[in-house]
Amino acid sequence: MQGEALIHQVHKGLFQPEAGLYLAPIRHHSPACAWAVRSMIRELKPSRVLIEAPHDLAHLIPHLLDPDTVPPVAAASLLDQKSGPRLAAYYPFCVHSPEWVALREGAAIGADLRFIDLGSDAKMMASDPSDTGPRALVQEQGFDSGDYVQALSNRLGCRDGYELWDHLFETRLGEDDWRGFLGDVGAYCAALRAATPQDEIIAGTDPQREEYMAACLRDALAEGVEKGPVICVIGGFHAGPLLDPTCTAKRTRAADKSEASSYLIRYGYKELDALMGYGAGLPQPAYYQALWDHAEARSSRPDWASLAHAVTADFAQHLRKTGNGVSVPAQVELLRTADSLARLRGRPGALRHDLFDGVTSALLKGEASSADVWRERFTLFLRGSALGEVSEEAGQPPVVADARAQARRFRFDISDGQRRERSLDIRRKPAHLAASRFAHAMALLDTGFATRNGGPDFLNSVQTGLLFEHWDYAWSPGVEGRLIEAAVYGDTVTAACMGKLFSYRHALAEEGRADNLEALVGLFKQGLLAGLGTDLSDFLSEIGGAITRSADFPDAARAMVDLHAIETSRGPLSLHEALEIEPVMQQVFARMIYLCDDLAGMRDEAVPPCLDALRMLAELMRGPGAEAFDGPLFDAALDRVELSDPDPALLGAIVAIGVEAGRKSGTSLAELLSAQMRGSTPNLPTRLAGLRGVLSVAPTLLWTVSGVLGSLDEFLAGLPDDDFLEILPHLRLALSALSPREADQVAAALTRRHGGSAAEFTAHYHEVSAEEAATGMSIDTALRKEIRADGLEEWILGETG
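These figures come from a predicted structure and were not determined experimentally.

Undergrad: Go over the overall build of the protein chain, please, and point to the residues and values.
TA: If you tally the helices and strands in the protein chain, you get 36 helices and twelve strands. Here the C-alpha radius of gyration of the protein chain, 37 Å, is well above what a compact globule of 801 residues would show, namely 28 Å. In terms of its C-alpha atoms, the protein chain occupies a principal-axis envelope of roughly 110 × 70 × 50 Å. For the protein chain, with 801 residues in total, the buried portion stands at 52%.

Here's what the structure looks like:
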């Protein structure tokens, strides 16, 4: 059908009193459309109200009508695929949604309420498979882009489709003539459809959806209209195909079956914001809520000046709470500018875009960046942070109810969607420790509720001695949605966490890593942080089994160190008394002793992890709690390795561990390194291997043990320039084990060795790569050769031939 013909047909055919059919074309979440739908229902008193929403959500209608349900809320649908991830999608409602108003007004007059769109399962399956996040069950085509919108925006001086919509339709909020208003909306949407390429429409699900909706509409009309007409509230894009439902409905109505399960959950303004990725509606929903509330209070058209004043005053008050006040003169200038611009643009008063222009003009402090800051603040304010409420009878998934109850019990504020900060004294306050475990549990379930942004990192063993954890958190519809997705693991937070841990365990087995000790201990730590306690006993047994099968010395050493840290921990990692970790620790210790005998035959690429493992074990065996292990047995194992001709780096590390423990003399270490550096091997870097081993496990021995630093100094001083250049990158790598302070101590010791004083030198640190350093040394060597060839060494270099 040609565009102009379609527009006239829609405008003329929306209301068919002789057939008892009235179509209400709307834009989702539009206050002006909601007002018109309400007026329409109150006047016509229909027998049936049909709404464009997935038919499998109909069982939620009684809960949507419950007085305890307060928008914004959403129907959340979940679909388990035979192959592939679980899919999730949302159908939101807010107070100014035409669909919400239709439900409430229809129920008030006793009308039969029906949802008539394809099921949520069909809509999810038809969505883009590359989308990994939740889908939107409400979509709007063409309102904010396309040639028609752009051309009309240019003609009316609007910047985008959102401003165009407000200019044409939200300015008519409170209008008594619902027929004229909805007729104009229908004509506008028909023009949008006419400007949409037909192949684009056919490629999507619109034809199937419209055929299904037409069948529902045809069936409703067939039931008779003696008790009142049928009203159908639909997205304006679909009005044309539904003008003659008998023609569009080519097949009988599909059975009301769906493979998806659905729940009613709280929703938030952030998720409802069209600019935040939601596929329909309008931006900054708190603004449109204020617009609706204002018109509701007046029961008529808005007083636009009064509304703009209220929004500006509320914005200023909001900013004062955050320490960013707006002076009264600035507020006056903002309102004056916004109103003047609105009048120039042919509007009854300042709309959302006009207010943004007023903010830019009145609050700009001379820099473009400050305008961005103020606009961002205004955007966040107009977006809002409200969360809805759902009646208890709605049957929330148990895991959501449990999470909300725990959040309140542990004093997390979930009354709205505002992000907040909280510090927890996890070692001295039991209530704070319990709150920490709840936050960790929600993190394990990947709900997005809480993020740790400071304090001890027990999973990575970083700063574990700190007293406080610092979190930021916010409850949101996304949190509830991900909790619903986690319900596949269990009906409580604890059960879901256990289920998720075992799903990770199963995934490790599927990947051929069932005995990966690092991964298993990491999962065990996550469970402890989440407060799973004795529920982890089977998990601990699995770790024990993996230990007996481990053939990797570094893995066994890391597991031993981690389990010992857990056993001695207080706070989030502290063990329940019923969890017996001591036998598992002794098991891993015995396995580590057994695997020590394999060190002598390690390949070159396996040496660095073994050095790191030896360092961790040495620190453990001389630290607090070392009495829990058989020290002489460990010493004997290292002695066996030392006598088995191991890699020079491992030999240096083992001797250094003996020196630190007081079992070996410093002289033996100095002699070993001196012998290695004077060795006859043609591979010069190999001569530094022992030093690398020493620095890996006990770097302080370099300057605290007599003869060690001297051996290195003499070795380097005796190298020709070319050999020094060859060995330099390997020397840098070995010395990288030193901290900046330790490097200063080595420099000071070398200075004293050469008769100087550390005070005579000022250290300058520069970021220089190994390649840059090597290039610089090559240039230096070449220059020195040229200088000597010219006999200038004494004059330039201060050297005598």
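Undergrad: Describe the pairing of strand 5 (residues 87-93), naming the residues involved and giving the relevant values.
TA: Of all seven residues in strand 5, seven are buried, a share of seventy percent or more. Burial along strand 5 is two-sided: the residues Leu87, Ala89, Tyr91 and Phe93 and Ala88, Tyr90 and Pro92 are all buried. As paired elements, strand 4 (residues 73-79) and strand 5 share seven bridges and run antiparallel to each other. Opposite Val73, over in strand 5, you have Phe93 as the bridge partner.

Undergrad: Hey, could you go over the pattern of salt bridges for me, with residue numbers and the actual values?
TA: Applying the stated criterion to the full structure yields 47 salt bridges. Residue Arg159 pairs with Asp357 through a salt bridge whose shortest N-O separation is 2.9 Å. Of this pair, Arg159 sits in the loop between helix 6 (147-156) and helix 7 (161-168) while Asp357 sits in helix 16 (residues 352-363), and the two are 198 residues apart along the sequence. Notably, a salt bridge pairs Asp472 with Arg419, separated by 2.5 Å at the nearest N-O pair. One end of the pair, Asp472, is in strand 12 (residues 468-473); the other, Arg419, is in the loop between helix 18 (398-409) and strand 10 (420-425), with 53 residues separating them in the sequence. Judged by its relative accessible area of 15%, Asp472 falls in the buried class. On the accessibility criterion, Arg419 (42% relative accessible area) is partly exposed. One network of salt bridges, in which partners are shared, links Arg159, Glu163, Arg345, Arg347, Asp354 and Asp357.

Undergrad: Please provide a residue-by-residue account of helix 8 (residues 178-194), values included.
TA: With 17 residues, helix 8 ought to run about 24 Å at 1.5 Å a step, and its terminal C-alpha atoms sit 24 Å apart, in line with that. By the criterion of burial, helix 8 is predominantly enclosed, with 13 of the 17 residues buried. Between the side-chain oxygen at the start of helix 8 and the backbone nitrogen of Arg179 there is a gap of 3.3 Å, and the oxygen is on Asp177.

Undergrad: Before we move on, could you go through the sheet that holds strand 5 and cite the residues and values that matter?
TA: If you walk across this open sheet you meet the four strands as 7-5-4-9, and the pairing is mixed. Where the open sheet ends on each side, the last strands, each with one partner, are strand 7 (135-136) and strand 9 (261-266).

Undergrad: Talk me through empty space enclosed by the protein; I want residue IDs and the actual numbers.
TA: A complete count under the given rule lists four cavities of 30 Å³ or more for this structure. Empty space within the second largest cavity amounts to approximately 40 Å³. Contributing to the lining of the second largest cavity are His29, His96, Leu272, Gly281, Leu282, Pro283, Pro285 and Tyr288. Looking at the lining of the second largest cavity residue by residue, the class counts come to five nonpolar, three polar and no charged.

Undergrad: Lay out the environment of Ala556 with the relevant residues and their values.
TA: Along the chain, the position of Ala556 falls in helix 24 (residues 553-567). Given the relative accessible area of 1%, Ala556 is considered buried. A C-alpha to C-alpha distance of 60 Å links Ala556 and Phe115, two positions 441 residues apart in sequence. Discounting chain neighbours no more than four positions away, the residues touching Ala556 are Leu517, Ser550, Val588, Met592 and Leu595.

Undergrad: Let's hear about the sheet that holds strand 12: which residues, and what values?
TA: Here three strands make up an open sheet; going across it, the order is 10-12-11 and the pairing antiparallel. The open sheet has two edge strands with one neighbour each: strand 10 and strand 11 (450-454). Averaged over all pairs of adjacent strands, the angle between their axes in this sheet comes to 30°, without regard to strand direction. Of the strand pairs in this sheet, strand 10 and strand 12 are connected by six bridges, and their pairing is antiparallel. Its bridge partner being in strand 12, Ser423 is matched across the sheet by His470.

What counts, and where the lines are drawn
Residues numbered from 1 in each chain as written. Predicted model: local features only at pLDDT ≥ 70, side-chain atom pairs only at ≥ 80, totals over all residues. Heavy atoms only, no water. Helix = DSSP H or I, 4+ residues; strand = E, 2+ residues; numbered from the N terminus. Rg over C-alpha atoms; globule rule 2.2 N^0.38 Å. Buried < 20%, exposed > 50% of the residue type's maximum accessible area, 1.4 Å probe, protein only. Pairing = 2+ DSSP bridges. Salt bridge = Lys/Arg side-chain N within 4 Å of Asp/Glu carboxyl O. Expected span 1.5 Å × (residues − 1). Polar contact = N/O pair within 3.5 Å; in protein donor to acceptor, adjacent residues only side chain to side chain. 1 Å grid on protein atoms, 1.4 Å probe; cavity = no way out; pocket = protein on both sides within 12 Å on 5 of 7 lines; lining within 4 Å. Points joined across faces, edges and corners; volume = space filled by probe spheres on them. Nonpolar A, V, L, I, M, F, W, Y, C, P; charged D, E, K, R; others polar. Contact = heavy atoms within 4.5 Å. Axes fitted to C-alpha atoms, helices over the stretch in contact; angles between N-to-C directions.

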